[in-house]
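# A structural walkthrough
In case you want the letters, here they are:
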2 protein chains.
Amino acid sequence: MNVESKTHLMTPGPVAVHPEILRTLAMPMVHHLSKDFQKTLENVLSKLQELFGTKETVFIHMSTGSGAMESAVVNTLSPGDEVLVVVSGKFGERWAEICESYNLKTERWNIPWGEFARSEELEKKLKLKNYKAVLTQACESSTGVLHPIEEFGKLIRGSETILMVDGISSVGAVKLPMDEWEIDVLVTGSQKALMLPAGLSMISLSKKAQEKAKRAKLSKYYWNLKFEEAHLKKGRTHFSSSVSLIRGLDTALNLVLKSGLDAHLVNVAKKSTATIKAGEIFGLKAFAKRPSQSLTAFVLPDEVPGEEVLKSLEKKNIFLAGGQEKMLGKLIRIGHMGFIENDDVIYVLKRLFSLLLEKSPQSFVGKNLDLAIAAAEKCLKS
Amino acid sequence: MNVESKTHLMTPGPVAVHPEILRTLAMPMVHHLSKDFQKTLENVLSKLQELFGTKETVFIHMSTGSGAMESAVVNTLSPGDEVLVVVSGKFGERWAEICESYNLKTERWNIPWGEFARSEELEKKLKLKNYKAVLTQACESSTGVLHPIEEFGKLIRGSETILMVDGISSVGAVKLPMDEWEIDVLVTGSQKALMLPAGLSMISLSKKAQEKAKRAKLSKYYWNLKFEEAHLKKGRTHFSSSVSLIRGLDTALNLVLKSGLDAHLVNVAKKSTATIKAGEIFGLKAFAKRPSQSLTAFVLPDEVPGEEVLKSLEKKNIFLAGGQEKMLGKLIRIGHMGFIENDDVIYVLKRLFSLLLEKSPQSFVGKNLDLAIAAAEKCLKS
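Residues numbered from 1 in each chain as written. Chains lettered and ligands numbered in written order. Predicted model: local features only at pLDDT ≥ 70, side-chain atom pairs only at ≥ 80, totals over all residues. Heavy atoms only, no water.

## Some remarks on the overall build of chain A
The test is simple: A run of H or I in DSSP counts as a helix once it spans at least four residues, and a run of E counts as a strand once it spans at least two, with each numbered from the N terminus. When we talk radius of gyration, it's over C-alpha atoms, and the globule rule is simply 2.2 Å times the number of residues to the 0.38. Relative accessibility decides the category of a residue: with a 1.4 Å probe and only protein chains considered, values under 20% of the type maximum give buried, values over 50% give exposed, and everything between is partly exposed. We call two residues contacting when some pair of their heavy atoms lies within 4.5 Å. Surface accessibility in these figures is a Shrake-Rupley result with a 1.4 Å probe; residues are shielded only by whichever protein chains are displayed. When charges are tallied, Lys and Arg are placed among the positive residues and Asp and Glu among the negative ones, while His and the ends of the chain are skipped. Lys charges are placed at NZ, Arg charges at CZ, Asp charges at CG and Glu charges at CD.
Scanning chain A from terminus to terminus reveals 13 helices and 15 strands. Compactness check: chain A gives a C-alpha radius of gyration of 21 Å against a globular reference of 21 Å for 382 residues, within 12% of the reference. For chain A, the spread of C-alpha atoms along the three principal axes comes to 60 × 55 × 35 Å. Residues classed as buried in chain A amount to 64% of the 382 residues present. Sequence separation of at least 24 residues holds for 73% of the intrachain contacts in chain A that already meet a minimum separation of 6. Split by element, the accessible area of chain A, about 14,500 Å² in all, is 49% carbon and sulfur. If you average the places of the 51 positive and of the 44 negative side-chain charges in chain A, the two averages end up 2 Å apart.

Here is the structure:
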């Protein structure tokens, strides 16, 4: 297909679904207790461990990623527990709202949007209080920031506190090895780096979190991982499996892990670096002080009407995301997850930059679109 | 396709997915905030009201039906509330387990498997205690029983109690008009009469239940219908929509409502009547005292090895369900929901009866397979 006639969905989720996965979704239904499906589920569970970098079980919920975030909380904590939540954007807010919904003593560590949570600050906070858990995003996709999870893991190691990481827009896109970095609870969703539609979420608990889970007293049923564990031992999920999406996940994991997870991450990184490089030359600054390779958020010059630019792109079948909440109209967010080929990256950057020049020529005086694109091409080919 | 070369999935869920729906599932992804998808969501929400027979909003959860059951409980009740749960099989147990997980005072109204809950008994119970809610299945799919929901609605009308109905294996297969029958909470799932894969559930609350919801104090986040309502007003779901499944639901609702819901229910009823009639002639008795037209559970003669019969059918690509828990090996359950054509019903009944004769000829002495099939054909053509 000609790149110009394609629809380009390059938001930070949902993402373009790989055609092989689309074909899987259209396969006739089988029963979730059939041998065929049990084999698929077994394969998926084993590949999920590779994706998460863990020896522990990775559970699948039939829900979006937010469901797995709630599952993380209700499976490990008890009423009145004191928790520290990194709030550096919309999804940090979500962690806090979940904790507050369950009457946990929730301390919001508010970080200016675009900044990342500094480990030296966390170190101070951990000395002052004995939190039951620290909850954070790996990548806060409303700002494109990547928090230093490896350093957090080192700080929390050996204490009673557990580290809970929302990896929804990072598992499969950035390095986040659960066991090696001592992440206690890691969650993700299907519609980001896994190139699937929304509808599945995944969660895994470290040995330390599993111990907490034994004594956790928050009410739960659908998210109860004890039930889930008992059923997985019999080769099935507790509730009716989303057969189509789980078969799709099998195909997705084959694609992601085909040449090894590291090689896949290098590919995502190239798209990210190419985008940031091209942006720099063209005069666009990344919003995130520590950008995630899963998406790039560019700050728009004040004169540029952000929402208008997005609407014009949509008319050309290019879908990017804007800023959320307080950053509405001020950011352009470009996802690097999902089924995106190098030609797509180049094509979309060209259209975006041309449109910015057209809408606000005064903001980009002296900037060279061709040079910017050439730099992106070089990155992608490297 | 020749009926003999097809795979026949005729369990009470998951069900065979209509080919038009499979094609929808394979459509390229669009963003859940795009105009295209918002239009789809709007259509779906309006058709769901027709399906439920309600003027109230029908909400969609990205979960299996059990998620919507939990949502029903946590959105309307408060800690310590006393509830009455009809337990007439595996799914009645599920209601009870959910209530108990949330520390509700849960009275189990245990009914022998195969029997239905009698409204005169309910009347007595309601006089003795002031329950906050009565929870029941419409169809208990582990036994094939259909409870008299219309009568329950009349008994509960005007009181403080709310009637919560699990319609997972009945909405779209049997008559269950929510407003007319004064059902206060009705839930269903995607993988039964809606001919979709599992992964979506739906829930609607009567005005009376909505009033309860305002004062309900159980902890919740993912299931919080207040958030959901606020988002639906802006044309979106609270969490990332399962775009593929919701587009599939749009196609499914078009198919189900094409000639009107009543005509669709008549079609399901014909399959059910044909199956029961053929069974009677062949010497198989329906297990349910009041059978649901969504599935038929046949009691097997003691000598028949139920699980072996199912396995032999699977080798011929026919998938039926057996008994669950205490009825394991003693029942054959045949679903009438999903994409099933008349030829499929006849073909599957023929293969099932032939196999029963083969495995246990002494149990069916004097029974006429051809007469049984002829009776089924007559029903289907009527």
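Structure shown, so let's carry the discussion forward.
## Considering the pattern of salt bridges
Residues and elements named next belong to chain A. Quick note on the threshold: Criterion for a salt bridge: a side-chain nitrogen of Lys or Arg within 4 Å of a carboxyl oxygen of Asp or Glu.
All told, the structure shown has 32 salt bridges over all chains when counted by the stated rule. With a shortest N-O distance of 3.9 Å, K125 and E107 are connected by a salt bridge. Here E107 lies in strand β4 (residues 105–110) and K125 lies in helix α5 (residues 119–128), a separation of 18 residues in the sequence. For E121, the salt bridge identified is with K124, shortest N-O distance 3.4 Å. Residue E121 and its partner K124 are located together in helix α5, separated by 3 residues, close to a single helical turn. Exposure remark for E121: the relative accessible area of 33% places this residue in the partly exposed category. Of the residues examined, K124 reaches a relative accessible area of 51% and is grouped as exposed. Connected through salt bridges with shared partners, the residues E82, E107, K125 and K129 form a single ionic network.

## Brief notes about the interface of chain B and chain A
Interface size is commonly expressed as the accessible area that is lost once the parts come together. The condition that has to hold: Buried area adds together the accessible area that both of two parts lose upon being put together, with accessible area traced by a 1.4 Å probe. Any pair of N or O atoms that falls within 3.5 Å is considered a polar contact. Within protein, one atom must be able to donate a hydrogen and the other to accept it, and sequence-neighbouring residues count only if both atoms are side-chain atoms. Following the grouping adopted for this structure description, the nonpolar residues are Ala, Val, Leu, Ile, Met, Phe, Trp, Tyr, Cys and Pro, the charged ones are Asp, Glu, Lys and Arg, and the polar ones are all others, Gly among them.
Facing 43 residues of chain B, the contacting portion of chain A comprises 43 residues. Contact with chain A buries surface across chain B, with M29, Y221 and Y222 of chain B losing the most and accounting together for 18% of the total. For the pair chain B and chain A, the interface holds 16 residue pairs in polar contact (both at pLDDT 80 or more). Among the elements of the structure, α1 (19–25), α3 (65–76), α4 (90–101) and α9 (243–257) of chain B are those that each provide at least two residues to the side of chain B that touches chain A. Top contributing element to the side of chain B that touches chain A by residue count: α4 of chain B, with 4 residues. Per-class residue counts for the side of chain B that touches chain A are 21 nonpolar, 18 polar and 4 charged.

## Let's talk about empty space enclosed by the protein
Applicable threshold: Of the two site types, the cavity is a set of points on a 1 Å grid over the protein atoms alone where a 1.4 Å probe fits but cannot get out, and the pocket is an open set with protein on both sides within 12 Å along at least five of seven lines, each lined by residues with an atom within 4 Å of a point. Grid points are joined across faces, edges and corners, and a volume is the space filled by probe spheres set on the points.
A complete count under the given rule lists 1 cavity of 30 Å³ or more for this structure. For the largest cavity, the calculated volume is near 30 Å³. When its residues are assigned to classes, the lining of the largest cavity shows 4 nonpolar, 1 polar and 1 charged.

## As for the sheet that holds strand β8 (residues 162–166) of chain A
All names here are of chain A. Keep this limit in mind: Think of it this way: DSSP has to see at least two bridges between two strands before they count as a pair. Every axis corresponds to a line fitted to the C-alpha atoms, with the helix fit spanning only the stretch in contact, and the corresponding angles, defined between N-to-C directions, vary from 0 to 180 degrees.
With respect to topology, 7 strands assemble into an open sheet ordered β2-β10-β9-β8-β5-β3-β4, the strand pairing being mixed. Of all the strands in the sheet, the pair left with one neighbour each is β2 (58–61) and β4. Averaged over all neighbouring strand pairs, the angle between strand axes comes to 20 degrees, with direction disregarded. Alignment of strand β9 (residues 185–189) against strand β10 (residues 201–205), held across 5 bridges, turns out to be antiparallel. Across the sheet, residue V185 finds its bridge partner in β10, namely L205.

## Notes on the relation of the copies chain B and chain A
Let me state the cut-off plainly: When the copies are overlaid, the least-squares fit takes in C-alpha atoms only where the residue has pLDDT of at least 70 in both copies.
Superposing chain B onto chain A requires a rotation of 180 degrees together with a translation of 0.0 Å along the rotation axis, leaving an RMSD of 0.0 Å. Overall, the copies show the geometry of a two-fold rotation axis. Here 100% of the interface residues in chain B have copies in chain A that are interface residues too; the copies meet face to matching face.

## Here's the deal with the domain arrangement of chain A
Residues and elements named next belong to chain A. Put simply, the test is: Just so you know, the domain bounds were taken from an automatic or database domain assignment.
Taken domain by domain, chain A holds domain 1 (8–15 + 260–381) and domain 2 (21–257). Listed per partner, the contact involves 28 residues of domain 1 and 28 residues of domain 2. Here domain 1 meets domain 2 over a buried area of about 2,400 Å², counting both sides, of which 61% is carbon and sulfur. The three residues of domain 1 that bury the most area against domain 2 are L261, R290 and Q324, which together make up 25% of that side's buried surface. On inspection of domain 1 and its partner domain 2, the count reaches 0 salt bridges. In this structure, the connection of domain 1 to domain 2 is made through 10 residue pairs in polar contact (both at pLDDT 80 or more).

## Re the pairing of strand β10 (residues 201–205) of chain B
Residue and element names in this part refer to chain B. Of all the 5 residues making up β10, 5 are buried; the element is thus mostly covered by neighbouring parts of the structure. Note that strand β2 (residues 58–61) and β10 share 4 bridges and pair antiparallel. Its bridge partner being in β10, F59 is matched across the sheet by I203.

## Thoughts on a positive patch on the surface
Formally: Surface patches are defined over residues having more than 30% relative accessible area and no salt bridge, joining like charges when they lie within 9 Å and nonpolar side chains (Val, Leu, Ile, Met, Phe, Trp, Tyr) when within 5 Å.
On the surface, K35 of chain A together with K311, K315 and K316 of chain B cluster together to form a positively charged patch. With respect to the secondary-structure elements, K315 of chain B resides in helix α11 (residues 306–315).

## Notes on unusual backbone geometry
Residues and elements named next belong to chain A. Residue P14 follows G13 across a cis peptide bond; omega there is 0 degrees. Relative to the elements of secondary structure, P14 occurs in the loop between β1 (8–9) and α1 (19–25). Residue M195 is not a glycine yet carries a positive backbone phi of 60 degrees. Within the element layout of this structure, M195 appears in the loop between β9 and β10.

## Describing the sheet that holds strand β14 (residues 321–322) of chain B
Residues and elements named next belong to chain B. In spatial order, the strands read β11-β12-β15-β14; together these 4 strands make up an open sheet with antiparallel pairing. Each end of this open sheet is capped by a strand with a single partner; those strands are β11 (285–286) and β14. The sheet contact formed by β11 and strand β12 (residues 295–299) spans 2 bridges and is antiparallel. Of the residues in β12, the one forming a bridge with K285 is V299. Sitting on the sheet, helix α10 (residues 261–282) touches β12 and β15 (331–335), and the angle it makes with β12 is about 15 degrees.

## Focus on the packing of aromatic side chains
Centre distance and the angle of the planes are the two values used to describe a pair of aromatic rings. Condition: Only the six-membered ring of Trp is used, alongside the rings of Phe and Tyr, when aromatic pairs are assigned; centres must lie within 6.5 Å, and planes under 30 degrees apart are stacked while those over 60 apart are edge-to-face, with the rest tilted. We count a charge as sitting over a ring when the NZ of a lysine or the CZ of an arginine lies within 6 Å of the ring centre and within 35 degrees of the ring normal.
Per the stated rule, a full pass over the model turns up 15 aromatic pairs over all chains. With a centroid separation of 5.5 Å and an interplanar angle of 65 degrees, the aromatic rings of Y221 of chain A and F227 of chain A are classed as edge-to-face. Aromatic pair W223 of chain A and Y222 of chain B: ring centres 5.2 Å apart, planes at 80 degrees, arrangement edge-to-face. In this pair, W223 of chain A is assigned in the loop between α7 (207–215) and α8 (225–233) and Y222 of chain B in the loop between α7 (207–215) and α8 (225–233), connecting two distinct chains. Pair check on accessibility: W223 of chain A and Y222 of chain B agree, each one buried. Cation over ring: R290 of chain A sits above F116 of chain A, and NZ or CZ is 5.8 Å from the ring centre.

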